[in-house]
Structure formats: structure tokens, C-alpha cells
Amino acid sequence: MSGLKQDAFDVARRKLVDDLKLRGYLKSQAVERAMLSVPRELFVPEGVRDRAYEDRPLPIGYGQTISAPSVVAYMTELLEVSEGMKVLEVGTGSGYQAAILAMIVGDRGHVWTVERIAELASRAKETIESLGLGGRVTVIVGDGSLGYPPAAPYDRIIVTAASPKVPRPLVEQLAEGGLMVIPVGSKEEQALTIVRKREGQVFQQSDIEVLFVPLVGAEAWDH
């Protein structure tokens, strides 16, 4: 990539972040720093790279999308993630959200991310490693609706695909005092749902309406 082209991406990234702050999607310094540090253009196919800093979802192949930057920022803020945390992401997709989380948790934390489509998982892993974040992220090919028991419990869980309900395995893998953000609803519309676990009890709260691709798995949609 030429230096001139890279400069244009850097300027576009800064402009997008400033816009997200003005619109109230970005509030914390940690999330702002992460979004300034992770080059979204590397996580989208070459054919749509020039649109990397438009605030919209973009196709990444296999019927999947990379979420709009405003949605990534908003969900990351809702997740209240901080340095040193163990985070599970369900729905790796391009790997962009996992990279954002990896920037925030730092070397003392870790992100496990589960993707059912092996080709997307492989591409995401490669991109994440190219940014020097491979040591902070483990990419798993599997059914994300079942979580990833070997590394549980998790301080935070984020689901980037829509589920008809909150999958029970994810609730079980959430640590005491932990928090999960997941889109719940029909395939046509969902609400971001915040799930908290306190003293063994589970509390749910609905937030804004969103539209995500379906979460396919044993504890979600079957196709």
C-alpha cells in the first residue's frame, strides 16, 4: 500500500472517530484509542477498501458483513471492557471487533473469538496477526452459540450475530459480575440486550434496535 494511500486512510479514520464522538457513539478514551489504532481497511475485501471509513456495514463474503463502525463503537462501550479482562466474542467475521477488543484488554487480557465459517476465521486470524495482536487473540472455528468452555468463565461476552434468545451456554460461561452484549430478536429486527450476572442471578436489559446477520448454531437459528 502506498504511503499516499495510507495517509488518506489515516485521515479518514481520524475523521470517522471524531464523527462517532460527536454523535455520541464513542465516549471512552480506551475505545477511541482502539478505533484509531486498528486499520479497518485491512479487514474488508479489496474491492470495498475505499469505503472502509463509511459508517455502514460492508460485505466480507460468505453472506456475512463487517458491522458499521458506529455499531462496533457502541457495542464496545456497552461492554465496559478494560485492561486485563478475559473476553469471548461470538461471530469473528472479519476479525475487526476482536482486534478492537484486543487493543483494550492489552497483554494481560485475552480475547477468544468463535467463527463457524473456517475461511473467515482463517482470514481474520491472518489479519489480526499482521497487526501484532496474535498473542492476545485466539480464533476458534466452531459453533459460537455454545461458547468456548475450555477458557470459561469470561469477564465479558460479545455476540455479533442475532439470536432468537440468549443462549444458555453463554450465560453459564459468564463470570460472576460479568456482562454480555447480544442482539436478540427475530431475523428481521433485534434489540441489543445487556446481560449481567450478579450473585448467581441473571439480569437482562434491552437497548437500541439493530439489525445483524443470524447467529447459526445449536442454541440459536438452525440456518
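Refer to the structure above for everything that follows.
Residues numbered from 1 in each chain as written. Predicted model: local features only at pLDDT ≥ 70, side-chain atom pairs only at ≥ 80, totals over all residues. Heavy atoms only, no water.

Caption draft 1: Geometry of the packing of helix α2 (residues 29-37) against helix α4 (residues 96-105). Two numbers describe how α2 lies on α4: the axes approach to 9 Å, and their chain directions differ by 125 degrees. What the angle tells us is that α2 and α4 run oblique. The two elements α2 and α4 meet at a crossing, and its hand is right-handed. Residues A30, V31, A34, M35 and S37 of α2 form the contact with α4, whose own contacting residues are Y96, I100, M103 and I104. Its residues assigned to classes, the contact of α2 with α4 comprises eight nonpolar, one polar and no charged. (Axes fitted to C-alpha atoms, helices over the stretch in contact; angles between N-to-C directions. Helix = DSSP H or I, 4+ residues; strand = E, 2+ residues; numbered from the N terminus. Parallel < 35°, antiparallel > 145°, perpendicular 65-115°, else oblique. Left-handed = near helix turned anticlockwise from the far one by under 90°. Contact = heavy atoms within 4.5 Å. Nonpolar A, V, L, I, M, F, W, Y, C, P; charged D, E, K, R; others polar.)

Caption draft 2: Examining the pairing of strand β8 (residues 190-198) more closely. β8 sits mainly inside the fold: seven of its nine residues count as buried. The hairpin turn running from β8 into strand β9 (residues 201-210), its antiparallel successor, is two residues long, and E199 in that turn takes a positive phi close to 50 degrees. (Buried < 20%, exposed > 50% of the residue type's maximum accessible area, 1.4 Å probe, protein only. Pairing = 2+ DSSP bridges.)

Caption draft 3: Broad picture of unusual backbone geometry. Following A152, the chain continues to P153 via a peptide bond in cis, the omega torsion being 5 degrees. Locating P153 in the fold gives a position in the loop between β5 (137-141) and β6 (154-159). Phi at Y62 is positive, roughly 60 degrees, even though this residue is not glycine. Mapped onto the secondary structure, Y62 falls in the loop between β1 (58-61) and β2 (64-66). A relative accessible area of 46% places Y62 in the partly exposed class. Phi at E199 is positive, roughly 50 degrees, even though this residue is not glycine. Assignment of secondary structure puts E199 in the loop between β8 and β9.

Caption draft 4: Spatial organisation of the sheet that holds β5. The strand order β5-β4-β3-β6-β7-β8-β9 describes an open sheet built from seven strands, whose pairing is mixed. Sheet topology places β5 and β9 at the edges, where each strand pairs with a single neighbour. Between one strand axis and the next, the sheet turns through 15 degrees on average, direction left out of account. As paired elements, strand β3 (residues 86-90) and β6 share four bridges and run parallel to each other. Paired with L88 across the bridge in β6 is I157.

Caption draft 5: The environment of T160, seen in detail. Considering the arrangement of structural elements, one finds T160 in the loop between β6 and α6 (168-173). Expressed as a C-alpha distance, the spacing of T160 and M85, which sit 75 residues apart in the sequence, is 19 Å. Beyond its immediate chain neighbours, meaning those up to four positions away, T160 contacts E89, V90, G91, Q97 and F212. Among the polar contacts listed, one links the side chain of T160 to the backbone oxygen of G91, at a separation of 2.6 Å. (Polar contact = N/O pair within 3.5 Å; in protein donor to acceptor, adjacent residues only side chain to side chain.)

Caption draft 6: Representation of the packing of aromatic side chains. Per the counting criterion, the structure on display carries four aromatic pairs. Aromatic side chains W112 and Y154 sit 5.7 Å apart centroid to centroid with 65 degrees between the ring planes, which places their arrangement in the edge-to-face category. Residue W112 is located in strand β4 (residues 110-115), and its partner Y154 is located in strand β6; the two are separated by 42 residues in the primary sequence. Considered together, W112 and Y154 belong to a single accessibility category, that of buried residues. When the ring centre of Y96 is taken as reference, the NZ or CZ atom of R40 above it lies at 6.0 Å. (Phe/Tyr/Trp six-rings, centres within 6.5 Å; stacked < 30°, edge-to-face > 60°. Lys NZ or Arg CZ within 6 Å of the ring centre and 35° of its normal.)

Limitation: the analysis is restricted to geometry and does not speak to function.
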